[in-house]
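# Summary of the model geometry
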Amino acid sequence: MGITRRQFFGWMGAAVGAQVSFSAKAKAAAGTEHFTGYPGSMGVLHDISRCIGCRKCEAACNKVNSLPLPNRPFDDLSVLDGLRRPHANTYTVVNKFTSRDLSLPVFVKKQCNHCQEPACVSACFVKALTKSETGAVVYDPSLCVGCRYCMVACPFEIPAYEYDNPFTPEVTKCTMCQPRIQKGQLPGCVEICPKEALTFGTREELIKIARQRMKTHPDRYVDHIYGEHEMGGCNWLYISNTPFADIGMREDLGITPAPALTSGPLAAVPVVVSLWVVFITGMYAISKRKDQMANDDKQLAVNLMLETQQAKLNKTVSQLKEKAKQEKDATVKREVKKALDEAAKQQAKNSSDQPSPTDTPTGTSDTTQPGKQETE
Amino acid sequence: MSNLPSNGFTKTICIALFILVLSFPLYGASSRNNHRPDLISIRLSGSADKKQMPDARFLHDKHTKALEDQDCNKCHQKEKNTFIFKFNRIKNSDYNTDKKLYHEKCIGCHQDRHSLGKICGPVASECRLCHLQTPDYISAITPFGFNKSLHYRHEMAETIRPADAGKETNCSACHHQFDKDLDKTIYIKGEEGTCRYCHKVEKTGKARSFQTVAHIDCLNCHYKINSDNKKAGPINCAGCHDADKQSNIEILKDIPRIKRNQPDSVLLSLWVKNALKSGKPANQFVKPVAFNHKTHETKLEHCYTCHHESMESCTTCHSRMGSEKSQFIRLGKAMHATDSLNSCMGCHKQNLNDENCAGCHWQMADKHFAENNCNKCHTIDRKLLNPIPETKDKAVKIAKKEINSWPYPHSLIPQEEIPDTVTIDIMKDQYEGAILPHRKIVNALLKRVQKSDLARHFHDGTITLCSGCHHNSPSSVTPPKCASCHGISHASEPDGRPGLKGAYHSQCINCHQQMNIKKPVSTDCIACHKKIKAINNADAAIRR
């Protein structure tokens with residue numbers, strides 16, 4: 001009779017359990033659980049109140065990453081008059097914000113924030129983007145298929161694409177100078193910054209430094225470390241003397257890491273894929289069992305009907321037999337009586353004409369009996 | 001047929017232009033032109049529970065301008081020869097009577113002018129031109145306040161001379177106080193105070209609200225003088241309440257002190273006095289303070305900055321443990337709270353934002369209360385109070401003597417002992433060393449300190465100024481080098497102390513920015529240090 005419903009659910013449960021315990025081993029950044037960062041991972045603290053907008057960081061970034069020189073040189077500060085964002089050959093930009101309320105303009109450096117649980121990493125289905133234990137979100141062009149989902153996923157609009165490269169276009173973004181960090185050097189921008197508006201260190205350390213600065217000058221800083229919790233936290237942190245919303249930094253992102261938003265539905269995908277066979281088999285078994293049961297029921301019904309019909313028939317036959325027997329007896333009696341009457345008459349007559357009374361009754365009874373049975 | 005697309009295009013353009021034209025009035029509405037200092041929203045008392053039209057909006061100065069040949073009495077009635085600035089009535093009546101009054105008088109006047117062919121406001125049946133659902137004007141009433149200059153101008157005005165009985169002064173023209181026994185206001189010389197002492201935001205008892213008083217008393221006086229064709233203050237709304245007009249009001253310099261018999265110096269000694277009275281050892285309590293009342297008067301615009309509404313001494317309400325009248329703010333807090341501009345330290349701290357101070361002080365951390373130097377203010381020897389001075393004059397004398405004993409100017413380091421220039425070349429890389437005009441900087445700071453009495457008092461000569469840059473080590477003529485504490489790395493220490501490069505740039509650039517020194521610009525690298533020519537090799541090295 002195939003598998004039972006109870007068995008099917010048992011298998012299903014076992015399979016889901018196996019999946020979960022398997023994926024638990026692979027739990028890390030961009031996983032399904034809140035990831036509080038690799039311990040000791042590095043980051044950069046950008047103190048916006050210290051930045052003077054000299055663009056040295058942009059120049060250093062260009063150098064250390066061997067990028068093509070821009071059309072306008074880095075000491076041309078009129079570039080700051082327009083609002084910019086990183087693109088394929090520019091991993092970082094400094095933007096200037098002025099307003100009537102601000103006595104001095106405010107400068108904000110923009111680059112990859114190296115999220116603790118990056119949206120781009122969770123969006124990348126070939127693992128070309130990964131969160132490194134140094135804190136950097138690193139890109140492996142050899143794996144990239146060029147889908148650019150990372151660009152759509154990034155809430156900070158950071159990854160750029162080499163649209164002008166027709167054959168081997170790559171996604172580009174700040175690498176946090178991963179090769180330099182691994183050699184024990186500072187990121188290019190941090191090293192060059194004359195005002196120490198950029199501070200490199202472990203993320204835990206940077207948060208402490210940021211808090212210390214706020215405590216030392218409570219009226220000079222907005223009481224918020226941008227990147228401490230935004231999108232689940234970033235390795236690039238910001239403190240500012242101006243409300244973040246006024247200097248082009250999104251405050252509507254919330255503190256939920258992007259992967260947490262998609263992990264629910266996406267976590268179901270491997271389960272569905274691996275359980276497909278079990279599921280289909282189960283469905284087949286269930287439907288087959290259903291057919292079988294229906295067939296059995298049908299057979300049972302037919303048998304029952306046949307039996308009742310047979311019984312009915314038998315009854316009728318026996319009744320008829322009884323009736324025929326009675327009739328036969330009656331006929332025999334009548335015939336006998338008739339024959340006896342006739343014999344009596346004949347005798348009476350023969351007593352006058354010499355008749356033979358013995359032949360007649362046996363002769364008639366032999367011939368009439370089978371004839372009557374057949375007609376009935 | 002080939003015209004069709006271009007027709008569609010023209011249509012789009014036309015629609016776009018139409019929308020643009022339509023939106024022009026909206027642009028106008030959102031500009032500053034609709035900000036009015038004379039916007040009055042007319043809401044009758046007792047109207048809250050009634051179904052009614054929106055409040056009528058009324059532009060006062062527009063009406064006075066239109067009725068230029070007219071008097072205030074066109075709209076306002078007089079009581080005891082004084083205009084009451086209510087519309088055509090002395091007192092509010094009930095809702096329906098007042099409503100009828102407004103409609104009859106407003107619309108009546110508009111109608112009269114209309115029949116004469118003059119410009120006029122809405123007439124009957126044009127309800128929604130006054131009763132607007134969405135306001136077309138925004139109130140831009142800037143609160144007006146007296147300052148010392150304006151007070152002096154009133155004091156000196158020839159036109160305000162029903163002067164004080166038998167005196168040259170005219171204080172009684174405005175200042176008065178309520179006498180409960182006589183049940184009227186009287187003037188007592190030497191006890192003048194701010195209007196706000198009795199005239200609060202809302203009417204309290206017999207005292208009218210500050211708003212009512214300010215309008216009735218000021219404007220009536222201005223009106224009377226103005227009608228004699230003499231120079232008088234404004235009589236329209238914008239004259240006082242428009243921000244631009246306010247900034248045009250003439251400000252006099254070198255104003256003599258307000259004459260109210262206030263002391264030149266005050267001895268602040270409540271704690272010690274109390275200790276001596278009760279026989280406790282006085283040395284357990286903080287030393288008294290000699291307060292220079294005279295110099296503080298010159299620095300502040302209003303007496304009420306320190307005295308609140310009453311002109312009494314601080315300890316009247318701020319007792320040692322606080323009283324209900326002072327909302328339990330103790331004397332100590334009243335003097336030292338850094339978050340209040342009414343306190344000594346709060347106001348002094350505010351002064352540090354001045355560009356003459358901010359260069360050094362901006363870079364210093366906020367001090368905890370315990371880190372402050374008490375001995376800068378608490379200077380008077382306790383023995384001078386034993387015996388306790390019986391009269392106020394004696395106490396004032398002690399304070400005055402102390403103030404006069406302060407050594408100004410403080411000890412200065414001889415010029416030749418101050419290094420002329422300092423070459424900073426400890427970490428040359430892309431740029432040559434920078435030559436710091438050290439002596440020039442010291443002298444510039446000295447000059448700025450001399451500008452302010454407050455700064456002079458708190459800086460003990462040149463040596464204190466050294467600490468502006470040579471911070472965190474005891475003041476000395478031979479302070480440690482910067483590199484003693486700031487490492488020659490590009491990174492800051494884990495304790496947040498900047499590296500040497502960051503320290504140099506922050507110290508120089510922040511000071512220049514805060515002191516509003518325009519040159520050199522913070523991003524002009526070569527203004528301070530020349531670029532090293534062989535930079536290309538260094539570039540190449542970084543590239544590798």
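No experiment lies behind these values; they were computed from the predicted model shown. (Residues numbered from 1 in each chain as written. Chains lettered and ligands numbered in written order. Predicted model: local features only at pLDDT ≥ 70, side-chain atom pairs only at ≥ 80, totals over all residues.)

### As for the overall build of chain B
Helix and strand content of chain B: 20 helices and 12 strands. The principal-axis extent of the C-alpha atoms belonging to chain B is close to 105 × 90 × 45 Å. Within chain B, the proportion of its 544 residues that are buried is 11%. Residue pairs in contact within chain B that sit at least 24 positions apart in sequence constitute 49% of those at least 6 positions apart. (Helix = DSSP H or I, 4+ residues; strand = E, 2+ residues; numbered from the N terminus. Buried ≥ 20, exposed ≤ 12 C-beta atoms within 10 Å, placed from the backbone. Contact = placed C-beta atoms within 7 Å.)

### A few points about the overall build of chain A
Helix and strand counts for chain A come out as 10 helices and 9 strands. By sequence separation, contacts in chain A at least 24 residues apart represent 64% of the contacts at least 6 residues apart.

### Considering the pairing of strand S3 (residues 106–110) of chain A
Residues and elements named next belong to chain A. A large share of S3 lies buried, amounting to 5 of its 5 residues. For strand S2 (residues 93–97) and S3, the ladder comprises 5 bridges, and the chain directions are antiparallel. When the sheet's bridge partners are listed, phenylalanine 97 is paired in S3 with valine 106. (Pairing = 2+ DSSP bridges.)

### Overview of the sheet that holds strand S8 (residues 198–202) of chain A
All names here are of chain A. Taking strand neighbours across the sheet as the criterion, the 3 strands line up as S8-S1-S9 in an open arrangement whose pairing is mixed. Of all strands in the sheet, those bounded by a partner on one side alone are S8 and strand S9 (236–239). Direction aside, neighbouring strands of the sheet carry axes that sit 25° apart on average. Sitting on the sheet, helix H7 (residues 203–216) touches strand S1 (42–47), S8 and S9, and the angle it makes with S8 is about 130°. (Axes fitted to C-alpha atoms, helices over the stretch in contact; angles between N-to-C directions.)

### Some remarks on helix H18 (residues 462–469) of chain B
Residues and elements named next belong to chain B. Of the residues making up H18, those classed as buried are Thr462, Leu465 and Cys466. Take H18 and look down its axis: the buried residues cluster within an arc of 110°, on one side only. Buried residues along H18 sit in contact with helix H16 (438–450). (Arc of directions from axis to C-beta.)

### Concerning the interface of chain A and chain B
Opposite the 25 residues of chain A that make contact, chain B presents 20 residues. For the side of chain A that touches chain B, the secondary-structure elements that each account for two or more residues are helix H2 (56–64), helix H6 (188–192), S8 and H7 of chain A. Examining the composition of the side of chain A that touches chain B, we find that 5 residues originate from one element, H7(A), more than from any other.

### Here's the deal with the pairing of S1(A)
Side chains on a regular strand alternate between the two faces of the sheet. Residues and elements named next belong to chain A. Here S1 lies mainly inside the structure; 6 of its 6 residues are buried. Of the two faces of S1, the one lined by Met42, Val44 and His46 and the one lined by Gly43, Leu45 and Asp47 are each fully buried. Relative to S9, S1 is paired through 4 bridges, and the arrangement is parallel. Each residue of the ladder has a partner; that of valine 44, found in S9, is tryptophan 236.

### Thoughts on the domain arrangement of chain A
Assigned domains of chain A: these are domain 1 (34–274) and domain 2 (283–375). A separation of 107 Å is found between the C-alpha centroids of domain 1 of chain A and domain 2 of chain A. (Domains from an automatic or database assignment.)

### Here's the deal with the nonpolar core
Counting 62 residues, the largest nonpolar core has A:Cys57, A:Cys120, A:Leu129, A:Cys189, A:Leu198 and A:Leu237 as the members making the most contacts within it. If you tally residues by element for this core, the top one is H2(A), at 5 residues. The contact partners of A:Cys120, leaving out residues within four places of it in the chain, are A:Leu129, A:Val137, A:Cys150, A:Ala153, A:Cys154 and A:Pro159. B:Phe291, B:Cys377, B:Ile380 and B:Ala399 belong to the second largest nonpolar core, which has 10 residues in total. (Core = buried A, V, L, I, M, F, W, Y, C linked by C-beta atoms within 7 Å.)

### Brief notes about the confidence of the model for chain B
Residues and elements named next belong to chain B. Looking at chain B as a whole, its pLDDT mean stands at 84, while 91% of the residues score no less than 70. The weakest mean pLDDT in chain B belongs to helix H20 (residues 535–543) at 49; the strongest belongs to strand S10 (residues 289–292) at 94. Every residue in residues 1–6 scores below 50 in pLDDT, and together they form 0 contacts with partners more than four places removed in sequence or on other chains. (pLDDT = per-residue confidence, 0-100.)

### What to know about the domain arrangement of chain B
How big an interface is tends to be stated in terms of the accessible area lost upon association of its parts. Domain annotation for chain B reports domain 1 (1–30), domain 2 (33–139), domain 3 (148–247), domain 4 (265–405) and domain 5 (415–543). Using only C-alpha atoms to locate each centre, domain 2 of chain B and domain 4 of chain B end up separated by 52 Å.

### Considering the packing of H16(B) against H18(B)
Relative placement of two packed helices is described by the angle separating their axes and the distance separating the axes. All names here are of chain B. Where H16 contacts H18, the two axes come as close as 10 Å, and the packing angle between them is 115°. The way H16 lies across H18 gives a crossing that is right-handed. Between H16, through Val442, Leu445, Leu446 and Val449, and H18, the contact on the second element is made entirely by Thr462, Leu465 and Gly468. Each residue belonging to the contact of H16 with H18 can be placed in one class, and the counts come to 5 nonpolar, 2 polar and no charged. (Left-handed = near helix turned anticlockwise from the far one by under 90°. Nonpolar A, V, L, I, M, F, W, Y, C, P; charged D, E, K, R; others polar.)

### A short note on the environment of B:Ile398
All names here are of chain B. Position of isoleucine 398 among the secondary structure elements: in helix H15 (residues 392–405). Note on isoleucine 398: 19 C-beta atoms within 10 Å, which makes it partly exposed. Separated by 300 residues in the primary sequence, isoleucine 398 and aspartate 98 have C-alpha atoms spaced 64 Å apart. Ignoring any residue separated from it by four or fewer positions in sequence, one finds isoleucine 398 in contact with Leu267, Ile380, Leu384 and Pro389.

### Quick word on the environment of B:Ile532
Residues and elements named next belong to chain B. Here isoleucine 532 shows up in the loop between helix H19 (500–514) and H20. With 13 C-beta atoms packed within 10 Å, isoleucine 532 lands in the partly exposed category. C-alpha separation for the pair isoleucine 532 and aspartate 429, spaced 103 residues apart in sequence, amounts to 7.8 Å. The residues contacting isoleucine 532, other than those within four sequence positions of it, are Gln430, Tyr431 and Glu432.

### Digging into unusual backbone geometry
All names here are of chain B. At the junction of asparagine 386 and proline 387, the peptide bond is cis and its omega measures out at 5° in the coordinates. Along the chain, proline 387 falls in the loop between helix H14 (355–361) and H15. In this chain, lysine 519 is followed by proline 520 through a cis amide linkage whose omega measures -5°. Inspection of the secondary structure assignment puts proline 520 in the loop between H19 and H20. Positive phi is not limited to glycine here, since aspartate 183 has a value of about 55°.

### With respect to the confidence of the model for chain A
All names here are of chain A. Residues of chain A with pLDDT of at least 70 account for 85%, and the chain-wide mean is 85. Within chain A, the lowest mean pLDDT, 45, falls on helix H10 (residues 359–375), and the highest, 96, falls on S9. Across residues 22–27, where pLDDT falls below 50, the model places 1 contact with residues more than four positions away in sequence or in other chains.

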